[in-house]
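Below are the chains, spelled out letter by letter.
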Amino acid sequence: PRIGKRRELKTALETFWSGKSDESALLETAATLRARNWQRQKDLGIDILPSNDFSLYDHLLDTAFMVGAVPETHRGASDLDTYFRMARGAGEVSACGHNHSGVTALEMTKWFNTNYHVLLSELKPSQTFELAHNKPLADYVEAKALGHQTRPVLVGPVTFLTLSKPAIGGFNTLSLLPRLLPVYAEVLRSLQDAGADWVQIDEPVLANAPGGQIALALTEAYAHLAREVPGLKLMLTSYFDVHDANLDLAFSLPVAGVHVDLTVRPDVLEKLPSLAGDRTVSLGVIDGRNIWKADLNALLARLKPVVSQLDRVILVPSCSLLHVPIDLAQEDKLDSDLKSWLAFAEQKLEELAILKSALSGEDVSAQLAENAAAIAARKTSPRIHNPAVTERVAGLTPPMSERQSPFAERILKQRKRLNLPLYPTTTIGSFPQTAEVRAARLQHGKGQLSDADYDAFLKLETEKAIRWQEEIGLDALVHGEFERNDMVQYFAEQLEGYAFTQHGWVQSYGSRYVRPPVIFGDVSRLKSMTVDWAVYAQSLTDKVMKGMLTGPVTMLQWAFVRDDLPRSQVCRQIALAIRDEVLDLEAAGIRIIQIDEAAFREGLPINPAQWQSYLDWAVECFKIASAGAADETQIHSHMCYSEFNDIIRAIGAMDADVISIETSRSNMELLEAFIDYKYPNEVGPGVYDIHSPRVPEQAEMERLLAKAGQRLKPEQIWVNPDCGLKTRGWAETKPALERLVAAAKAMRATHPVWV
């Protein structure tokens, strides 16, 4: 992971963005982290060190920057300024300090089925490419100067084009491959000339369903690179999954090696001797996406007979380790039993070293015995299994996942009860977690601020947020979530079956890191989690106050999940806990309850053959959590950046009364799925991008709402930001929401009565 054990990269980035440090300081921190990572991997026994795996923001953005796919509108005063304008957007700052008009950041989406976000390049038919910034060469030379011979890593040309966004409808970005390949060949030649003997090219697009266009593109790409850069060995890398047809394709290409993620497709292992030929085979045997200790003895039993049939073998994690925390040794407060079951990035490299020694005939019996003891202890631990939870899940019945009445009947009751205007305004939930809020939480955690004083502080922040929302005229209010550290962790800390780390940070995007909780056992709720705060907030205002919950699928997806139980069963356990909270909020008089499923699309398996099974249980779990509510209680949900076409019917089946989605970066294009499907319920399409510090003008929000109005009926539309405002500052939030309210009022003027 590139973030640093103490999140040094986050500090360096945010200090630079705030103007408190300069470019040289940021680049110096980056160089220090790279040097530290190379040396640490070498110390842990890794033979092949990667380079160009470090990024200041995102590796897909780095690729766009490398090949010159930079929009003219985003070019800044320097290369670094341009890079961050693409990542974060930019605007002109007025005399009062507000960031107004300017350019929006590139559209964001999830990296396959992970919680890591990437930025999408927008490519047009006339797009040209050039070697604009040879970062792979610079990083390789930097490592070599430190005494490390590395294997540079590139995002493959086919994956880059496949994940890029066409600037116009109907345009196939893969048609640009002949223009892109000479740039890749130039990069590879420069690396070869500098002394690189291997280069890793990541083509995770191989995990997608096999298709003629992608297969032809891969064939064309690697024939071109083999012809233009003879003698350089390419390691073709796929991860997260691989279809059998794509596996055959990968081994047919003119590459020197192929990597396979065996944690997702363990069945592929026995097929490799017949596929490999004279290629080096890279075995992804250690899970790069979860934190459970590998069963090394079981792995060795499977690996030995296969490895003996292969000429050249490399042992590797299944994918990049950016998806897991760095070092378990930092967790000095974690329960000792649980800690003995876990492996973070550094421990995973130690596992690789043990496997290598064992397969090489060295005596590692002590390490293998220790591993076997930990695996056995976890399987038999009484802390994992709760018979009451198992019994409750077994007792689920179909009526428990259905609302009392259809939406068409519910919405009439809800409108009468809520009495909201057309184009009702709200926010997604959280308000800025200022330095003062974070400092108070830290002081309380250290015992420097009493429970009473901390509670008084949070109540004051909540009241100020409510009064301000009333002042600007928001319709459905939120309490701001100042008491919450994270939308998953806050709930997980109050549920049985979860555990937490101190330093288990992983990158979500840019400088946004998350610390996923660990689901190690059966999940249940001991008492209400949000009712007191919701009731307090509602007592301060006559306006509608939303109760804010995180949904079961997101609670599952944004955690490190136990691997000894099907994910569907774990999710049902969580759903029942959330259901209890919904019923308690409703009983306390809360009229709108939002159950966020930000990660719903993210959980979709890469293999389409597995989609329906996932969607069936994911929808079921959301409905278990929400369907106990009475007709008059309005259920909202929120989903993050996603391609909704694949799951629109499932979204409809969730039957949330209102769903809010992130659409501003896509210029409302993501709404098309809702139109084609004729989505019957209500929708809150985000009208401004909260991932950027930029404050849009009112006219821009009106334009987006007008576009939404071309796709939805006015009575279906809510007005809200793209996502929660936790990571923004009040200086950006206040003017943006004031303009949001003004934009909604302007739209009401065009539709003064309910349709």
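> What am I meant to see in the environment of Leu 262 here?
With respect to the helices and strands, Leu 262 occurs in the loop between strand 11 (257-261) and helix 10 (272-276). By relative accessible area, Leu 262 is classed as buried at 8%. Sequence separation between Leu 262 and Arg 40 is 222 residues; the distance between their C-alpha atoms is 25 Å. Not counting residues up to four positions away in its chain, the partners in contact with Leu 262 are Val 268, Leu 269, Leu 283, Gly 284 and Val 285.

> What am I meant to see in the pattern of salt bridges here?
Charged atoms that come close allow side chains of opposite charge to pair. With the rule as written, the count across this model stands at 42 salt bridges. For Glu 14, the salt bridge is made with Lys 10, and the minimal N-O distance between the two is 3.0 Å. With a gap of four residues between them, Glu 14 and Lys 10 both fall in helix 1 (residues 8-17), about one helical turn apart. Note that Arg 467 and Glu 470 form a salt bridge whose closest N and O atoms lie 2.9 Å from each other.

> Would you mind showing me how to read empty space enclosed by the protein here?
Here the idea is plain: a probe the size of a water molecule rolls over the atoms and shows the empty space left. By the definition in use, this model includes seven cavities of 30 Å³ or more. Its boundaries defined by the atoms lining it, the largest cavity holds a volume of some 480 Å³. Lining the largest cavity are 31 residues; nearest its centre among them are Met 487, Arg 512, Trp 558, Cys 723 and Gly 724. Sorting the residues of the lining of the largest cavity by element identifies strand 16 (506-509), strand 17 (512-514) and strand 19 (544-550) as the ones contributing at least two each.

> Just to check I follow, could you spell out the packing of helix 18 (residues 451-472) against helix 20 (residues 531-539) for this structure?
Where helix 18 meets helix 20, the closest approach of the two axes is 10 Å, and the angle between their N-to-C directions is 45°. Compared by their axis directions, helix 18 and helix 20 come out oblique. With respect to the hand of their crossing, helix 18 and helix 20 are arranged in right-handed fashion. Residues Asp 455, Leu 458, Lys 459, Thr 462, Glu 463 and Ile 466 of helix 18 pack against Trp 533, Tyr 536 and Ala 537 of helix 20. For the contact of helix 18 with helix 20, the per-class residue count stands at five nonpolar, one polar and three charged.

> Can you walk me through unusual backbone geometry in this structure?
Working note: non-glycine residues mostly have negative phi, and peptide bonds are mostly trans. The backbone phi angle of Phe 112 is positive, close to 55°, even though this residue is not glycine. Examined against the element boundaries, Phe 112 turns out to sit in the loop between strand 4 (108-110) and strand 5 (117-119). For Phe 112, a relative accessible area of 16% translates into the label buried. One non-glycine residue, Asp 655, adopts positive backbone phi at about 60°. Mapped onto the elements, Asp 655 comes out in the loop between helix 24 (648-654) and strand 23 (658-661).

> It is not clear to me how the sheet that holds strand 21 (residues 592-596) should be interpreted in this structure. Could you clarify?
Strand pairs in the sheet, formed through backbone hydrogen bonds, run parallel or antiparallel to each other. What the six strands build is an open sheet, ordered 14-19-21-22-23-24; its pairing is parallel. Two strands close off the open sheet at either side, each with one partner strand: strand 14 (476-477) and strand 24 (682-685). Helix 22 (residues 567-587) contacts strand 19 and strand 21 of the sheet and is inclined by roughly 170° relative to strand 19.

> Just to check I follow, could you spell out helix 3 (residues 59-66) for this structure?
Judged by how many residues are buried, helix 3 sits mostly within the fold: eight of eight residues are covered. Considered for burial, the residues of helix 3 that qualify are His 59, Leu 60, Leu 61, Asp 62, Thr 63, Ala 64, Phe 65 and Met 66. Packing partners of the buried residues in helix 3 comprise helix 4 (79-88), strand 5, helix 5 (135-145), strand 7 (150-155), helix 6 (157-163) and helix 7 (177-194). By the N-cap criterion, in which a side-chain oxygen at the helix start approaches the backbone nitrogen of a residue two or three places on, helix 3 is capped by Asp 58, the distance to Leu 60 being 3.1 Å. One or two positions beyond helix 3, positive phi appears at Gly 68, with a value near 80°.

Basis of the calculations
- Residues numbered from 1 in each chain as written.
- Predicted model: local features only at pLDDT ≥ 70, side-chain atom pairs only at ≥ 80, totals over all residues.
- Heavy atoms only, no water.
- Helix = DSSP H or I, 4+ residues; strand = E, 2+ residues; numbered from the N terminus.
- Buried < 20%, exposed > 50% of the residue type's maximum accessible area, 1.4 Å probe, protein only.
- Contact = heavy atoms within 4.5 Å.
- Salt bridge = Lys/Arg side-chain N within 4 Å of Asp/Glu carboxyl O.
- 1 Å grid on protein atoms, 1.4 Å probe; cavity = no way out; pocket = protein on both sides within 12 Å on 5 of 7 lines; lining within 4 Å.
- Points joined across faces, edges and corners; volume = space filled by probe spheres on them.
- Axes fitted to C-alpha atoms, helices over the stretch in contact; angles between N-to-C directions.
- Parallel < 35°, antiparallel > 145°, perpendicular 65-115°, else oblique.
- Left-handed = near helix turned anticlockwise from the far one by under 90°.
- Nonpolar A, V, L, I, M, F, W, Y, C, P; charged D, E, K, R; others polar.
- Pairing = 2+ DSSP bridges.
- Polar contact = N/O pair within 3.5 Å; in protein donor to acceptor, adjacent residues only side chain to side chain.

None of this, on its own, says anything about what the molecule does.
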